[in-house]
Amino acid sequence: MKTAIIGAGISGLYLARKLSEKGHNVTVFEKESEAGNKTCSGLFSERILDFFPEAESLTENKIDSVFLHFPEKSLRISFSKKFLVMDHSKLDKIALNLAQKSGAKIEFNRDIKSLPSGFERTIGCDGADSFVRKNIGLPPSDFYLGIQSFLDKPANENFVETWPLDQGGFIWKIPRGEKTEYGIFSKPVTSGKKFNDFLRKKEIKIKEMKARLIPRDFDMPKNESVALCGDAAGLNKPWSGGGVIWGLTAANILIKTFPDFNDYRKKSRRFFLPKIFLARKATSLAYFLGFKFPFLLPKNYKIESDFLL
């Protein structure tokens, strides 16, 4: 089938490659001049190697656990699968190369203002503020804001540190080998002030900050010819905002059901909705206990790296 993919992010490029390998005629439209997500922590579970085994060489550090520092108690959460710290932009370059080798056509500097004509199927992989999502009449997603910054200080610990915020979201610290990353995942209206207050209190001097919107509302259209994947569908883990593995998991569902987009919608909802519901409840409970009744929290806990339960 002649298929258009809007957005050359990780999900769009992965879909382009896999659909091209199945013999479909795929064109990717990307508004930027090159591929490469430059505002992402690049903290992926080992599952990323199931999708891109070529990316193993990008690993900067390996993470076994995360510390949640509530005001009166710290909780250590261990992961069933290690997390790998990578440069997301370099990972996208690998995805681009594989997509092009498969025969997919990639058109850069194409800022799409209407759905391209002449295609039997269109897939929106165009990020949090998705044009495709708006064009087909879905309501806009609710957003959190992610702010990312770096400190030129080597850090090789095998754990991430986070500081939960009482109104939702958290501040993080990621050891990246040659440098240290700090960031915040929070409501847009308060994130900048809270992050600056944190940095000032910790006496951390950052030279540069980057920001991006992170969608929080999973939704897929009832549409026979247009589908959404990745951030455009609001596919992000409720407790962390990470969306790469979720987006690629949805991409695999789309590939298996292609070209039946209604079947893709049904199977994706069946897979993700229970996980989203349970994750939101578990996260709310952990925050409630952490701020109100910290003595009820265990000191150590273990979770499934990508799907919590």
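Residues numbered from 1 in each chain as written. Predicted model: local features only at pLDDT ≥ 70, side-chain atom pairs only at ≥ 80, totals over all residues. Heavy atoms only, no water.

Enquirer: Hey, could you go over the overall build of the chain for me, with residue numbers and the actual values?
Expert: Of regular secondary structure, the chain possesses 7 helices and 14 strands. Compactness check: the chain gives a C-alpha radius of gyration of 19 Å against a globular reference of 19 Å for 309 residues, within 12% of the reference. For the chain, buried positions account for 55% of its 309 residues. Looking at the chain alone, contacts between residues at least 24 apart form 72% of all its contacts between residues at least 6 apart. Surface accessibility of the chain: about 14,700 Å² in total, with carbon and sulfur atoms responsible for 50%. (Helix = DSSP H or I, 4+ residues; strand = E, 2+ residues; numbered from the N terminus. Rg over C-alpha atoms; globule rule 2.2 N^0.38 Å. Buried < 20%, exposed > 50% of the residue type's maximum accessible area, 1.4 Å probe, protein only. Contact = heavy atoms within 4.5 Å. Areas by Shrake-Rupley, 256 points an atom, 1.4 Å probe, with all protein chains shown as cover.)

Enquirer: A description of the packing of helix α6 (residues 244-257) against helix α7 (residues 261-292) should follow, citing residues and the corresponding values.
Expert: Here α6 crosses α7 at 150°, and the two axes come no closer than 8 Å. Considered as vectors, α6 and α7 are oriented roughly antiparallel to each other. The handedness of the crossing between α6 and α7 comes out as right-handed. Contacts between α6 and α7 involve W246, T249, A250, I253, L254 and T257 from the first element and F261, D263, Y264, K267, S268, F271, F272 and I276 from the second. Grouping the amino acids of the contact of α6 with α7 by side-chain chemistry returns 9 nonpolar, 3 polar and 2 charged. (Axes fitted to C-alpha atoms, helices over the stretch in contact; angles between N-to-C directions. Parallel < 35°, antiparallel > 145°, perpendicular 65-115°, else oblique. Left-handed = near helix turned anticlockwise from the far one by under 90°. Nonpolar A, V, L, I, M, F, W, Y, C, P; charged D, E, K, R; others polar.)

Enquirer: A description of the sheet that holds strand β7 (residues 121-124) should follow, citing residues and the corresponding values.
Expert: Across the sheet, 5 strands lie side by side as β6-β2-β1-β7-β13; this open sheet has parallel pairing. Of all strands in the sheet, those with a lone pairing partner are β6 (105-107) and β13 (226-228), marking the two edges. With strand direction ignored, the average angle separating the axes of adjacent strands in the sheet is 20°. When strand β1 (residues 2-6) meets β7, the two strands line up parallel, connected through 4 bridges. Looking at the pairing, I6 lines up with G124 of β7. (Pairing = 2+ DSSP bridges.)

Enquirer: With reference to specific residues and values, describe a nonpolar patch on the surface.
Expert: Taken together, the side chains of L285, F288, F293, F295 and L296 make up a nonpolar region of the molecular surface, amounting to roughly 540 Å² of accessible area. Within the secondary structure layout, L296 lies in the loop between α7 and β14 (300-303). Given a relative accessible area of 51%, L296 falls into the exposed group. (Patch = residues over 30% accessible without salt bridge, like charges linked within 9 Å, V, L, I, M, F, W, Y side chains within 5 Å. Salt bridge = Lys/Arg side-chain N within 4 Å of Asp/Glu carboxyl O.)

Enquirer: So, helix α1 (residues 10-21): which residues are in play, and what are the values?
Expert: Residues three or four positions apart in an α-helix share a direction because the helix packs 3.6 residues into each turn. A rise of 1.5 Å per residue sets the reference length of α1, with its 12 residues, at 16 Å; its end C-alpha atoms lie 17 Å apart and thus fit the reference within 8%. In terms of burial, α1 is largely enclosed, as 10 of its 12 residues are buried. Taken together, the buried positions of α1 are occupied by I10, S11, G12, L13, Y14, L15, A16, R17, L19 and S20. G23 sits one or two residues past α1 and shows a positive phi near 100°. (Expected span 1.5 Å × (residues − 1).)

Enquirer: Outline the side chain of K237, supporting the account with residue identities and numerical values.
Expert: Here K237 lies in the loop between β13 and α6. Filtering out sequence-adjacent residues up to four positions away, K237 remains in contact with F83, G242, W246, S305 and D306.

Enquirer: Describe the nonpolar core, and please don't skip the residues or the numbers.
Expert: One finds L15, I48, F52, I123 and F272 to be the most contacted residues of the largest nonpolar core, which totals 83 residues. If you tally residues by element for this core, the top one is α6, at 9 residues. Formed by 13 residues, the second largest nonpolar core is a distinct cluster that contains L145, W163, I171 and F195. (Core = buried A, V, L, I, M, F, W, Y, C linked by side-chain atoms within 4.5 Å.)

Enquirer: Give a description of the packing of α1 against helix α3 (residues 88-102) that names residues and reports values.
Expert: One way to put it is that α1 packs onto α3 with a least axis distance of 8 Å and a crossing angle of 20°. Overall, the two elements α1 and α3 adopt an arrangement that is roughly parallel. Crossing handedness for the pair α1 and α3: left-handed. Residues I10, L13, A16, R17, S20 and E21 of α1 form the contact with α3, whose participating residues are H88, L91, D92, A95, L96, L98, A99 and S102. For the contact of α1 with α3, the per-class residue count stands at 8 nonpolar, 3 polar and 3 charged.

Enquirer: Just give me the short version of the pattern of salt bridges, but keep the residues and values in it.
Expert: Scanning the entire structure with this criterion turns up 19 salt bridges. The partner of R176 in a salt bridge is E60, and the shortest N-O contact between them spans 3.2 Å. Note that R176 is positioned in the loop between β10 (170-175) and β11 (180-186) and E60 in the loop between α2 (48-51) and β4 (61-69), a separation of 116 residues in sequence. Its salt-bridge partner being E107, residue R110 comes within 2.2 Å of it at the nearest N-O pair. A relative accessible area of 18% places E107 in the buried class. Overlapping salt bridges, with partners in common, bring together R47, K237, E304 and D306 in one network.

Enquirer: Break down the packing of aromatic side chains for me, with residues and values.
Expert: Under the criterion given, the structure shown has 22 aromatic pairs. For the pair F271 and F272, a centre-to-centre distance of 4.9 Å together with 85° between the ring planes defines the contact as edge-to-face. On the basis of relative accessible area, F271 is assigned to the partly exposed category, the value being 26%. Among the aromatic side chains, those forming a connected cluster through ring pairs are F218, W239, W246, F271, F272 and F307. Here the basic side chain of R121 rests over the ring of F261, its NZ or CZ set 5.7 Å away from the ring centre. (Phe/Tyr/Trp six-rings, centres within 6.5 Å; stacked < 30°, edge-to-face > 60°. Lys NZ or Arg CZ within 6 Å of the ring centre and 35° of its normal.)

In short, geometric facts, not functional conclusions.
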